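Topology and contacts: notes
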Amino acid sequence: MRSTLMKAAVLVAAAATFATLTGTAQADPSGVVPAATDVVGVGSDTTQGVLNTLTAHYNTKSPAPANKAYSWDAVGSASITPKSGASSITRPNGSSAGISTLIADGTAHNVDFARSSRKAKADGSEANYGFIEFARDTVTYATASTTSVPATLTTADLNALYSSAAGSAACNRTAYLPQAGSGTRTFFLESIGLTAAGTCAKDTFGGAPVQEHSATPLLGDPNAVAPFSVGRAVGVSGIKVNSVDDSVRPVTKPVASETARVDPATGQTVTSGGVVAYDRALFNVIRKSDKTVAKFSSLFGSLGYICTNTTARADIVAAGFRRSTNCGVDRN
């Protein structure tokens, strides 16, 4: 169902289309304490970079927004103070951590949105939150550039590896997963027919949790694999993303996943070559009660800045993601 975010965003979208934008993405709000009335987000590692760029450009558009937007990275200092007047909180690292922080904030609006690379849970615990789609991404398994792992694995292959027990014959590769709470972890396991991994899969490296989209565990290990966003892998040296064959699936996954063929150098769709990977939506999660509030609809709505502004649309592509035909739609 198309989001009611549309109505409040019409005038903002018209102005944004012709705006001249400047600004450079920053890690965390740089040199400023967000005001209590600003729009502030936390959460996913996958989309922290593109949200930094989008909010920087949004804040410097003409006419200037009445309420600026800021996004806190998934990693950095152990704690953050999201905006002026808010209490210090543990920095949310990952989609689920960001969504949990948004829910725990109640109606205080110390946190206004959560970046998410996973869809809403089916158990109803997130029913009061809008998962507003803004872009598309693909996820596959990454390896070191020099690797003994085949350039294509089936969904059944990946299921057998990630469901296996440490020391078993099926545990024939060094299988990594991102840290708990990672949206990419959740999405990848779901795509290969699992809700939880076996003991073959490791989510620590060097005594610390494996950070989502960190190439470090893969480098120098020709037998290592890890789920990776194709968009986030663009420009990362020492690794490569590979193809999945979803035509061969385990019995636990009778329904095919949505896949896309994309260019690993850009993350954009191609008709031949490239890699085939599991396709997913990327979201900004807000309170459903905020969907018709102008400062949210003018940023996230289907006629808002992210979905309609020429520079914002280019920012999404430059980050290695694809523009979505469902931009601004609440998928929950």
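The structure under discussion appears in the preceding block.
Report follows, based on the coordinates. (Residues numbered from 1 in each chain as written. Predicted model: local features only at pLDDT ≥ 70, side-chain atom pairs only at ≥ 80, totals over all residues. Heavy atoms only, no water.)

1. Quick word on the pairing of strand 1 (residues 39-43)
Put simply, the rule reads: The cut-offs for exposure are 20% and 50% of the maximum accessible area for each residue type, with area from a 1.4 Å probe on protein chains only; residues under the lower value are buried, those over the upper are exposed, and the others partly exposed. The way it works is that DSSP assigns letters per residue, a run of H or I at least four long becomes a helix, a run of E at least two long becomes a strand, and they are numbered from the N terminus. Here, any two strands with at least 2 DSSP bridges between them count as paired. With the strands pointing away from the viewer, any crossover whose connection runs clockwise from the first strand over the helix to the second is right-handed.
Burial of strand 1 is extensive: 5 of the 5 residues sit out of reach of the surface. Sheet topology places strand 1 next to strand 2 (residues 69-71); 3 bridges connect them, and they run parallel. Bridge pairing in strand 2 links Val40 to Tyr70. Each parallel crossover has a hand, and the one from strand 1 via helix 2 (residues 48-59) to strand 2 is right-handed. In the sheet, strand 1 pairs with strand 5 (residues 113-116) via 3 bridges, with the strands oriented parallel.

2. Quick look at the pattern of salt bridges
Spelled out, the test is: Throughout this description, the term salt bridge denotes a Lys or Arg side-chain nitrogen within 4 Å of a carboxyl oxygen of Asp or Glu.
This model, assessed by the stated rule, comprises 16 salt bridges. Arg287 is the salt-bridge partner of Asp105, the closest N and O atoms lying 2.9 Å from each other. With Asp105 in the loop between helix 3 (95-104) and strand 5 and Arg287 in strand 15 (residues 275-287), this residue pair connects regions lying 182 residues apart in the sequence. Asp105 sits in the buried class, given a relative accessible area of 15%. The shortest N-O distance in the salt bridge between Arg136 and Asp279 comes to 3.2 Å. Highlighted residues: Arg136 in strand 6 (residues 129-144) and Asp279 in strand 15, separated in sequence by 143 residues. One exposure class covers both Arg136 and Asp279, and it is buried. Taken together, the salt bridges that share partners define one network made up of Glu133, Arg136, Glu258, Asp279, Arg322 and Arg331.

3. Digging into the state of the cysteines
The following threshold applies: Put simply, a disulfide is two cysteine sulfurs that come within 2.5 Å.
Counting across every chain of the model gives 2 disulfides. Between the sulfur of Cys171 and that of Cys200 lies a disulfide, 2.1 Å long from S to S. Across the disulfide from Cys171 to Cys200, rotation about the S-S bond amounts to roughly 80°, and the bridge is consequently right-handed. Taken together, the residues Cys171 in the loop between helix 4 (155-163) and strand 8 (174-175) and Cys200 in the loop between helix 5 (183-191) and strand 9 (204-205) connect sequence positions 29 residues apart. The disulfide partner of Cys307 is Cys327, and the S-S distance across this bridge is 2.0 Å. In this structure, the disulfide formed by Cys307 and Cys327 twists by about -85° around the S-S bond and is classed as left-handed. With Cys307 in helix 8 (residues 305-308) and Cys327 in the segment after strand 16 (322-323), this pair connects stretches of sequence that are 20 residues apart. Here the two residues Cys307 and Cys327 agree in accessibility, since each one is buried.

4. Concerning the nonpolar core
Going by this rule: Working definition of a nonpolar core: buried Ala, Val, Leu, Ile, Met, Phe, Trp, Tyr and Cys residues. They are joined through side-chain atoms within 4.5 Å.
Core analysis: the biggest nonpolar cluster contains 22 residues, and Phe134, Leu299, Phe300 and Ile306 have the highest contact counts within it. Where this core is concerned, the elements lending two or more residues are helix 2, strand 6, strand 15, helix 7 (294-300), helix 8 and helix 9 (310-318). Tyr162, Leu194, Ala201 and Val244 belong to the second largest nonpolar core, which has 19 residues in total.

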